[in-house]
Amino acid sequence: MTLPHASLFLLSILGLGLATASAQTAAPAPAQAPAAPVVSEEVRKLLLDARDLRIKHAYTEALMKLDEAEKLAPNIPDIYALRGDIYLAPRRRDFDLAKPQFEKSVELQPDSPLPKFNLGEFYFVKGEFQTALEHFTKLAADYPKLPMMVRHLVHYKRALCELKLGHRPAAEQIIADHFTFMDDTPAYYFSKAALAFDSGDVPKAQEWVQRGVAVFKGPSCEPYYDAFKELRWVPDMDLGGAAENQPKKK
């Protein structure tokens, strides 16, 4: 089972420190940047428990774990990122509650790209594609040396926003500038699928998805496929289940 809307957040929550490391290598820090808060084992366990409960759709219990963590360590940005993700979950979709959580996470970790990605994702999920595009474009410009896995997701979301705004040539240019079939991510294949979906060529789009999954397997493809679910281009089911329901070639 996957955790939509939190692909980059999960990198942070699993490592609890990756966000800070990314910020240090991807963008210059202010002269007197505050030190990253120390995460105690108790708080780490609460965060991991909350993450696992979120994956199981046990939202109320997950929020309770986060409340406990916040009382112990109110300056940990991952608390607010995960709480925002829960409010943004498909079965809740409480945008008014989610937004301030993502903003708080950015406020607490202003030099990290991960909270900023999550805020851009908030606008993407909400369907405010112009605002999402602005966030992702600024993120790409501010952090040009992000790891490829992260950088490609950012450019991929930029391309999808351009498509939803009716700017197909701009989307095609992003894809041409940043992705090739030789990359170590499935961005090329899913971007090609996105262009096909946008053109109404569903069989061709499904073919590109299947090719991407054949090369990179499910876990690497889930963040890309989740975006299609948000755009209602594919059924709201896990990638493996969707693949099983694809029409077989004769």
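The rules behind each value
- Residues numbered from 1 in each chain as written.
- Predicted model: local features only at pLDDT ≥ 70, side-chain atom pairs only at ≥ 80, totals over all residues.
- Heavy atoms only, no water.
- Helix = DSSP H or I, 4+ residues; strand = E, 2+ residues; numbered from the N terminus.
- Buried < 20%, exposed > 50% of the residue type's maximum accessible area, 1.4 Å probe, protein only.
- Contact = heavy atoms within 4.5 Å.
- Areas by Shrake-Rupley, 256 points an atom, 1.4 Å probe, with all protein chains shown as cover.
- Salt bridge = Lys/Arg side-chain N within 4 Å of Asp/Glu carboxyl O.
- Core = buried A, V, L, I, M, F, W, Y, C linked by side-chain atoms within 4.5 Å.
- Expected span 1.5 Å × (residues − 1).
- Arc of directions from axis to C-beta.
- Phe/Tyr/Trp six-rings, centres within 6.5 Å; stacked < 30°, edge-to-face > 60°.

**Q** I'm lost on the overall build of the chain in this one. Help?
**A** Helix and strand counts for the chain stand at 13 helices and zero strands. Helices and strands appear in the chain in the N-to-C order α-α-α-α-α-α-α-α-α-α-α-α-α. Split into buried and exposed, the 250 residues of the chain put 49% on the buried side. Here the contacts in the chain between residues at least 6 apart in sequence split such that 60% fall between residues at least 24 apart. Only carbon and sulfur atoms are counted for the fraction: they give 54% of the accessible area of the chain, which is about 12100 Å².

**Q** Looking at this structure, I do not really get the pattern of salt bridges. What am I missing?
**A** Applying the stated criterion across every chain, the model contains 16 salt bridges. Here Glu-172 makes a salt bridge to Arg-168, at a shortest N to O gap of 3.2 Å. Of the two residues, Glu-172 and Arg-168 are both situated in helix 10 (residues 168–178); the distance of four residues between them amounts to about one turn of the helix. Overall, Glu-172 belongs to the partly exposed group, its relative accessible area being 37%. Among the residues examined, Arg-168 registers a relative accessible area of 25% and is labelled partly exposed. Because the salt bridges share partners, they merge into one network encompassing Asp-67, Glu-70 and Arg-83.

**Q** How should I be thinking about unusual backbone geometry in this particular structure?
**A** Its identity is not glycine, yet His-57 carries a phi of approximately 65°, on the positive side. Inspection of the secondary structure puts His-57 in the loop between helix 3 (41–55) and helix 4 (59–72). Note on His-57: relative accessible area 29%, which makes it partly exposed.

**Q** Help me understand the nonpolar core, please; the structure alone is not making it clear to me.
**A** Note that soluble globular proteins tend to have their nonpolar side chains buried in a common cluster. Formed by 71 residues in total, the largest nonpolar core has its most connected members in Leu-66, Phe-124, Tyr-156, Leu-160, Phe-190, Phe-228 and Trp-233. Not counting the four nearest positions on each side in its chain, Phe-124 is found in contact with Phe-129, Ala-132, Phe-136, Lys-157, Leu-160, Cys-161, Ala-227, Glu-230 and Leu-231.

**Q** Whenever I open this one, helix 6 (residues 95–108) confuses me. Can you help?
**A** Note: α-helices contain 3.6 residues per turn, so residues at a spacing of three or four share the same orientation. In a regular helix each residue adds 1.5 Å, so 14 residues correspond to 20 Å; helix 6 covers 20 Å between its end C-alpha atoms and thus fits that length. Three or more residues of helix 6 are buried, namely Ala-98, Gln-101, Phe-102, Ser-105 and Val-106. Seen end-on, helix 6 carries its buried residues on one side only, within an arc spanning 140°. Seen from the buried face of helix 6, the exposed residues on the opposite side, beyond 90 degrees, are Asp-96 and Glu-107. Where helix 6 is buried, its residues meet helix 5 (77–88) and helix 7 (113–126).

**Q** Would you mind going over the packing of aromatic side chains with me for this structure?
**A** Two numbers describe a pair of aromatic rings. These are the distance of the centres and the angle of the planes. All told, the structure shown has 18 aromatic pairs when counted by the stated rule. Judged by centre distance (5.2 Å) and plane angle (70°), the rings of Phe-197 and Phe-228 are edge-to-face. You can see Phe-197 sitting in helix 11 (residues 187–199) and its partner Phe-228 sitting in helix 12 (residues 202–230), a full 31 residues away along the chain. For the pair formed by Phe-197 and Phe-228, the shared burial category is buried. Considering the side-chain rings of Tyr-225 and Phe-228, the 6.4 Å spacing of their centres and the 65° angle between planes classify their relative orientation as edge-to-face. With Tyr-225 and Phe-228 both in helix 12 and three residues apart, this pair spans about one turn of that helix. Each member of the pair, Tyr-225 as well as Phe-228, carries the same accessibility label: buried. Among the aromatic residues, those joined into a ring-pair cluster are Tyr-156, Phe-190, Phe-197, Tyr-224, Tyr-225, Phe-228 and Trp-233.

Honestly, that's just the spatial picture; any functional story needs more than this.
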